[in-house]
Amino acid sequence: MNKTCFCDFDFEAALAKRGSVTKGYFNVACKPDGSWVKFPIIVVSGVEDGPRLLVDGAHHGDEYEGVQAIIETANALDPKKLKGTFIGVPVLNMEAFMYGSRISPMDYSTLNLNRAYPGTPQGFITSRIVDAYLQNIVKKATNIITFHGGGDALYLEPLASYIPGNDSAEASYKMAKAFGVEILWRMEDVPFGGFLNAEAAKLGIPCITPEVGSQSIQHPYANRRRHIEICATGITNVMKSLCMIEGDIVPQAEKQIDITLIYLCSDAGGIHVVKKMPVESFVKGEVLAEIFDVFGEKVGETLAPEDGVMVGYGVYPVVLPGNWSILYGRVNS
Ligand SMILES: [Zn+2]
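What you see is a predicted model, and the numbers here were worked out from it, not measured in a lab. (Residues numbered from 1 in each chain as written. Predicted model: local features only at pLDDT ≥ 70, side-chain atom pairs only at ≥ 80, totals over all residues.)

**Quick notes on unusual backbone geometry**
Reasoning step 1: Cis geometry is adopted by the peptide bond preceding proline 118, which originates at tyrosine 117 and carries an omega value of 5 degrees.
Reasoning step 2: Residue position: proline 118 is located in the loop between α3 (94-98) and α4 (125-136).
Reasoning step 3: With an omega of -5 degrees, the peptide bond between proline 278 and valine 279 qualifies as cis.
Reasoning step 4: Structurally, the position occupied by valine 279 is in the loop between β11 (270-274) and β12 (281-282).
Reasoning step 5: Look at aspartate 189: it is not a glycine, yet its phi comes out positive at around 55 degrees.
Reasoning step 6: Looking at where aspartate 189 falls in the secondary structure, it is placed in the loop between β8 (183-186) and α6 (196-203).
Reasoning step 7: The residue cysteine 243 is not glycine, and still its phi comes out positive at about 60 degrees. (Helix = DSSP H or I, 4+ residues; strand = E, 2+ residues; numbered from the N terminus.)

**So, the packing of helix α5 (residues 169-179) against helix α7 (residues 221-241)**
Reasoning step 1: Relative orientation of the contacting elements α5 and α7 amounts to 130 degrees, with a least axis distance of 8 Å. One way to sum up the angle between α5 and α7 is to call them oblique. In the packing of α5 onto α7, the handedness of the crossing is right-handed. Residues Lys174, Met175, Ala178 and Phe179 of α5 form the contact with α7, whose own contacting residues are Gly234, Asn237, Val238 and Ser241.
Reasoning step 2: Among the residues making up the contact of α5 with α7, the classes are represented as four nonpolar, three polar and one charged. (Axes fitted to C-alpha atoms, helices over the stretch in contact; angles between N-to-C directions. Parallel < 35°, antiparallel > 145°, perpendicular 65-115°, else oblique. Left-handed = near helix turned anticlockwise from the far one by under 90°. Contact = placed C-beta atoms within 7 Å. Nonpolar A, V, L, I, M, F, W, Y, C, P; charged D, E, K, R; others polar.)

**Considerations on the pairing of strand β17 (residues 324-331)**
Reasoning step 1: Of all the eight residues making up β17, six are buried; the element is thus mostly covered by neighbouring parts of the structure.
Reasoning step 2: By the bridge criterion, four bridges tie strand β15 (residues 308-314) to β17 in an arrangement that is antiparallel. Bridged to tyrosine 313 within β17 is isoleucine 326. (Buried ≥ 20, exposed ≤ 12 C-beta atoms within 10 Å, placed from the backbone. Pairing = 2+ DSSP bridges.)

**Observations regarding the sheet that holds strand β13 (residues 287-292)**
Reasoning step 1: If you walk across this open sheet you meet the four strands as β14-β13-β11-β16, and the pairing is antiparallel. In the strand order of this sheet, the two ends are held by β14 (298-303) and β16 (318-319), each with one partner.
Reasoning step 2: Pairing of β13 with β14, which is carried by five bridges, proceeds in the antiparallel orientation. Note on β14: the bridge partner recorded for phenylalanine 292 is lysine 298.

**Section: the nonpolar core**
For soluble globular proteins, the rule of thumb is that nonpolar side chains tend to be buried together.
Reasoning step 1: Counting 91 residues, the largest nonpolar core has Ile87, Ile129 and Leu327 as its most contacted members.
Reasoning step 2: When residues of this core are sorted by domain, at least three fall in each of domain 1 (11-241) and domain 2 (264-331). (Core = buried A, V, L, I, M, F, W, Y, C linked by C-beta atoms within 7 Å. Domains from an automatic or database assignment.)

**Side note on helix α2 (residues 65-76)**
Reasoning step 1: A rise of 1.5 Å per residue sets the reference length of α2, with its twelve residues, at 16 Å; its end C-alpha atoms lie 17 Å apart and thus fit the reference within 8%.
Reasoning step 2: Residues Glu65, Gly66, Val67, Gln68, Ala69, Ile70, Thr73 and Ala74 constitute the buried set of α2.
Reasoning step 3: The inward-facing, buried residues of α2 contact β2 (36-45), β3 (48-56), β4 (83-89), β9 (207-211) and α7. (Expected span 1.5 Å × (residues − 1).)

**Topic: the domain arrangement of the protein chain**
Reasoning step 1: By the assigned domains, the protein chain splits into domain 1 (11-241) and domain 2 (264-331).
Reasoning step 2: The straight-line distance from the C-alpha centre of domain 1 to that of domain 2 is 30 Å.
Reasoning step 3: In this complex, domain 1 contributes eleven residues to the contact, which on the side of domain 2 involves ten residues.
Reasoning step 4: Of the residues forming the side of domain 1 that touches domain 2, the biggest block, three residues, is contributed by strand β6 (residues 154-156).
Reasoning step 5: Considered class by class, the residues forming the side of domain 1 that touches domain 2 number six nonpolar, three polar and two charged.

**Things to note about the environment of asparagine 237**
Reasoning step 1: Relative to the helices and strands, asparagine 237 resides in helix α7.
Reasoning step 2: Since 23 C-beta atoms lie within 10 Å of it, asparagine 237 is described here as buried.

Pasting the structure below:
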């Protein structure tokens with residue numbers, strides 16, 4: 001018997017029940033101990049018709065700030081004052097989230113949930129989660145915010161990304177601007193595929209990927225709260241821009257810049273010393289990071305291949321050959 005995508009959560013009923021809040025789990029696959037691989041859903045169905053905004057967190061289990069913002073935003077919404085529907089999926093990759101890991105330990109082969117779209121109902125667990133989520137939830141949405149962050153690996157200045165050059169690009173760009181942070185990432189020439197934002201673009205669903213927070217900035221605790229609040233303000237800003245709730249958009253930066261994000265990997269392995277901080281500008285040829293061996297000899301540098309602005313860097317003080325050293329933005333006009 002194929003139990004994949006068996007669903008104990010009546011999503012259609014939750015959507016149809018105007019003026020209500022429904023919470024539950026969507027079951028994906030049954031584990032050897034009889035418990036389910038599942039993800040939580042919160043549906044806040046407004047009294048009036050309107051957009052269906054899907055907001056998800058923890059495609060990567062070590063990226064927490066969006067998760068908390070989704071929970072708090074959903075709990076603060078009043079269905080009587082909501083036009084349309086808020087669909088919150090605070091933790092998509094529950095198995096990874098429970099262990100504070102970027103990816104799930106459950107697959108036979110290592111799979112990154114946000115590189116596994118469109119997934120398959122016959123695949124490993126991560127591939128099944130993607131398929132179940134895409135077919136049953138994502139395709140019902142009119143707009144999507146899919147949260148990410150630096151997790152254990154990166155410090156990233158808060159940004160909101162969108163994909164240009166498709167039918168939903170203009171609406172996605174408006175959502176990214178409304179989110180309100182300084183950096184807007186125009187996602188072109190991305191060095192990977194199989195991620196939700198790209199899948200949404202194929203489906204014509206406006207979608208943004210905010211990247212906010214990381215483990216490196218969570219102490220003192222006030223830093224974590226600040227990043228959760230950036231996420232929460234971003235969600236309500238987008239909801240205001242879609243006329244789902246009333247109120248003025250709250251800017252989260254004095255200015256906004258549109259960039260293309262470039263990943264620079266280190267050729268050398270060693271102790272990683274970052275020389276420029278977000279959101280410093282630099283010119284072609286400047287040293288962005290230096291790498292030293294354990295005798296203190298410099299063994300490598302990460303150089304700016306062009307003018308740009310710093311967006312993030314690898315936070316672990318040791319870098320391996322081929323790993324992320326610096327993320328910078330090529331500023332678009
Ligand atoms: Zn992520």
